[in-house]
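Chain by chain, the residues run as shown.
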Amino acid sequence: MSGWNDNATSYGDPEFSVFLRRAFARHLGFDDIDFRKPVIGICNTYSEVNRCHTHFPPLVEAVKRGVLMTGGIPLEFPTISLGEVFTSPTAMLYRNLAALDTEEMIRAQPLDGVVLVGGCDKTTPAQLMGAASADIPSILLTGGPMLNGEYEGRTLGACTDCRFYWQEYRAGRVDVQELEEINQALAASAGHCMVMGSASTMATVAEAMGMMLPGAAALPAPDNRRLRLAEETGRQIVSLVQAGLRPSQILTYEAFVNAIRVLQAVGGSTNAVIHLVAIAGRLGIDLPLSLFDELGRETPFLANLRPAGRFQMEDFAKAGGVPAVMKELEDLLHRDCITVTQHTVGENLAGFHRPQHEKYREIIAVRSHPLAENGGIAILTGNLAPNGAVIKPKAAAPQLLTHTGRAVVFDSVEDMEARIDEVKTTYIISIEYCII
Ligand code: FES
């Protein structure tokens, strides 16, 4: 069977519906031989307004080549694109809308499988949410991070350094000309932000959950291996369709536990907690905040990545990326989880050899000498947050983890910017209604 023949637009009579659809498909250049092939949707979040996705066209072409080579029919379709810095008031407001768009377009069209192509912060979780609900064979391909920026010998990272250097400018330690030169080097190449922010984190956890090919999260966007990975992704989705392997079989409770372990080991973004809970919710899986805390207490912190460390995604990729972290954590992971390779996590890791040069151990620590004994994210509860609050202690200086001081509450980011200069360094800052 092929998607051409199933799930046709309804004209009352199912056979007439297929007859009519074939007439229109012929106009697209397809013939009888094609009507027997699996139809692979390529859910493309490319948009000229989303700068993190501007390099998608050749990636999508590579996916199509892979699909065609293995006997599928690739059909690209657009969904909402959420670029973090060009979406007002905040891209997070539209994540669920994007998830709905993804889910319904997968469901509504004659697809046997789908490749999800995303990258900027909210597109990856939205696509995974939609695919989890639609539940046809699916595989994710993120666009990859930017290359490192550099200014006067210092590595620049978007967008950890956007705020850092703006504050340096406000403090008078960077002048207008330096600020302009930094601005020109911050977003250094095609790709999403290259620190372990939300975009890199969601790619990382997606790979850890088995929804993306091994190694795909960290490879920089301009790296030629990403095009080959895209072609492999196209080949693999046809194989997934033939095997009938669906997201609900990959995204099990154990797969989410693996993702949380890796999240903790890489010191990923606190936003991942919100997104993982939402993806799991689409499958009826409950991930209580306490689970993140429990796993964090027994997962070593291994990846020395900004903003919780020194390096960036380009360096992480050279050190082995997500597979290297998973290899170090192997005995803590559920190794029998199936992945989009159609092999288990344990089988994938058995074929992986971590790059051996000593310098890579600075980027991804070995298990016997972790950067810290526990993970990057912790959950707090108390009178200020009775339902729990997520913090990233590894991104804070140790002296900030125990602090007594006056608290100043701002009711918006604008309020904070207007009054921040009145705040002394010993104060505790709280911003209400701030979701990024
Ligand atoms: Fe797209 Fe940072 S703006 S990932």
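Let me sum up the structure you'll find in this document.

Analysis parameters
Residues numbered from 1 in each chain as written. Predicted model: local features only at pLDDT ≥ 70, side-chain atom pairs only at ≥ 80, totals over all residues. Heavy atoms only, no water. Patch = residues over 30% accessible without salt bridge, like charges linked within 9 Å, V, L, I, M, F, W, Y side chains within 5 Å. Areas by Shrake-Rupley, 256 points an atom, 1.4 Å probe, with all protein chains shown as cover. Salt bridge = Lys/Arg side-chain N within 4 Å of Asp/Glu carboxyl O. Helix = DSSP H or I, 4+ residues; strand = E, 2+ residues; numbered from the N terminus. Buried < 20%, exposed > 50% of the residue type's maximum accessible area, 1.4 Å probe, protein only. Core = buried A, V, L, I, M, F, W, Y, C linked by side-chain atoms within 4.5 Å. Contact = heavy atoms within 4.5 Å. Disulfide = S-S within 2.5 Å. Pairing = 2+ DSSP bridges. Right-handed = clockwise from strand over helix to strand, strands pointing away. Polar contact = N/O pair within 3.5 Å; in protein donor to acceptor, adjacent residues only side chain to side chain. Axes fitted to C-alpha atoms, helices over the stretch in contact; angles between N-to-C directions. Parallel < 35°, antiparallel > 145°, perpendicular 65-115°, else oblique. Nonpolar A, V, L, I, M, F, W, Y, C, P; charged D, E, K, R; others polar. Lys, Arg positive; Asp, Glu negative; His and termini not counted. Charge placed at Lys NZ, Arg CZ, Asp CG, Glu CD.

### Thoughts on a nonpolar patch on the surface
Line of reasoning, step 1. On the surface, Tyr11, Phe16 and Phe19 cluster together to form a nonpolar patch covering roughly 340 Å² of accessible area.
Line of reasoning, step 2. Tracing the sequence through the fold places Phe19 in helix 1 (residues 14–27).
Line of reasoning, step 3. A relative accessible area of 59% means that Phe19 is categorised as exposed.

### Quick look at the nonpolar core
Line of reasoning, step 1. Core analysis: the biggest nonpolar cluster contains 103 residues, and Phe256, Leu276, Leu287 and Phe316 have the highest contact counts within it.
Line of reasoning, step 2. Ranked by residue count, the leading element in this core is helix 10 (residues 253–266), at nine residues.
Line of reasoning, step 3. Not counting the four nearest positions on each side in its chain, Leu287 is found in contact with Tyr253, Phe256, Ile260, Leu276, Val277, Ala280 and Phe292.
Line of reasoning, step 4. Of all hydrophobic cores here, the second largest spans eight residues; its members include Tyr151, Leu156, Tyr165 and Ile182.

### Side note on the state of the cysteines
Line of reasoning, step 1. According to the stated counting rule, one finds one disulfide in the structure shown.
Line of reasoning, step 2. Disulfide pairing places Cys159 opposite Cys162 at an S-S distance of 1.8 Å. Taking the sign of the S-S torsion, -75° for the link of Cys159 and Cys162, the bridge is left-handed.
Line of reasoning, step 3. In this structure Cys43 is not part of a disulfide, and its nearest cysteine sulfur, from Cys120, lies 15 Å away.
Line of reasoning, step 4. The class for Cys43 is buried, based on a relative accessible area of 0%.

### Some words on the pairing of strand 10 (residues 428–431)
Line of reasoning, step 1. Pairing between strand 9 (residues 407–410) and strand 10: four bridges, direction parallel. Paired with Ala407 across the bridge in strand 10 is Ile428.
Line of reasoning, step 2. Read from strand 9 through helix 17 (residues 413–419) to strand 10, the crossover connection turns out right-handed.

### Observations concerning the side chain of Glu328
Line of reasoning, step 1. Relative to the helices and strands, Glu328 is located in helix 14 (residues 321–328).
Line of reasoning, step 2. Since its relative accessible area comes to 15%, Glu328 is described here as buried.
Line of reasoning, step 3. Of the polar contacts made by the side chain of Glu328, one reaches the backbone nitrogen of Arg367; its length is 2.8 Å.
Line of reasoning, step 4. Discounting residues that sit within four places of it in the chain, Glu328 has contacts with Leu302, Arg354, Ala365, Val366 and Arg367.

### Concerning the packing of helix 5 (residues 160–170) against helix 6 (residues 176–186)
A packed helix pair is summarised by two numbers, namely the angle formed by the two axes and the spacing between the axes.
Line of reasoning, step 1. One way to put it is that helix 5 packs onto helix 6 with a least axis distance of 10 Å and a crossing angle of 175°. Judged by the angle between their axes, helix 5 and helix 6 are roughly antiparallel. Contact residues: Asp161, Cys162, Tyr165, Trp166 and Tyr169 in helix 5; Val176, Leu179, Ile182 and Leu186 in helix 6.
Line of reasoning, step 2. Grouping the amino acids of the contact of helix 5 with helix 6 by side-chain chemistry returns eight nonpolar, no polar and one charged.

### Remarks on the side chain of Thr204
Line of reasoning, step 1. Along the chain, Thr204 falls in helix 7 (residues 198–209).
Line of reasoning, step 2. Contacts of Thr204, omitting those with residues within four sequence positions, involve Met196, Ala217, Val262, Val266, Met313 and Val322.

### Quick look at a negative patch on the surface
Line of reasoning, step 1. Residues Glu152, Asp175, Glu180 and Glu181 make up a contiguous surface patch of negative charge.
Line of reasoning, step 2. Overall, Glu152 belongs to the exposed group, its relative accessible area being 63%.

### Some remarks on the sheet that holds strand 3 (residues 113–118)
Line of reasoning, step 1. Reading across the sheet, the four strands line up as 2-1-3-4 and stay open at both edges, with parallel pairing between neighbours. Of all strands in the sheet, those bounded by a partner on one side alone are strand 2 (73–78) and strand 4 (138–142). Across the sheet, the axes of successive neighbouring strands diverge by a mean angle of 20°, strand direction being ignored.
Line of reasoning, step 2. Relative to strand 3, strand 1 (residues 39–44) runs parallel, the two sharing five bridges. By the bridge assignment for strand 3, Gly41 is matched with Val114.

### Re helix 12 (residues 289–297)
For the α-helix, the turn length of 3.6 residues means that residues three or four positions removed from each other point alike.
Line of reasoning, step 1. Along helix 12, the residues that are buried comprise Leu291, Phe292, Asp293, Leu295 and Gly296.
Line of reasoning, step 2. Residues of helix 12 that are buried make contact with helix 10, helix 11 (271–282) and strand 7 (378–382).

### Quick look at the environment of Tyr360
Line of reasoning, step 1. Residue placement: Tyr360 occurs in helix 16 (residues 360–363).
Line of reasoning, step 2. Along the backbone, Tyr360 and Phe316 are 44 residues apart, and their C-alpha atoms lie at a distance of 8.2 Å.
Line of reasoning, step 3. Excluding residues within four positions of it along the chain, Tyr360 makes contact with Lys318, Ala319, Arg354 and Pro355.

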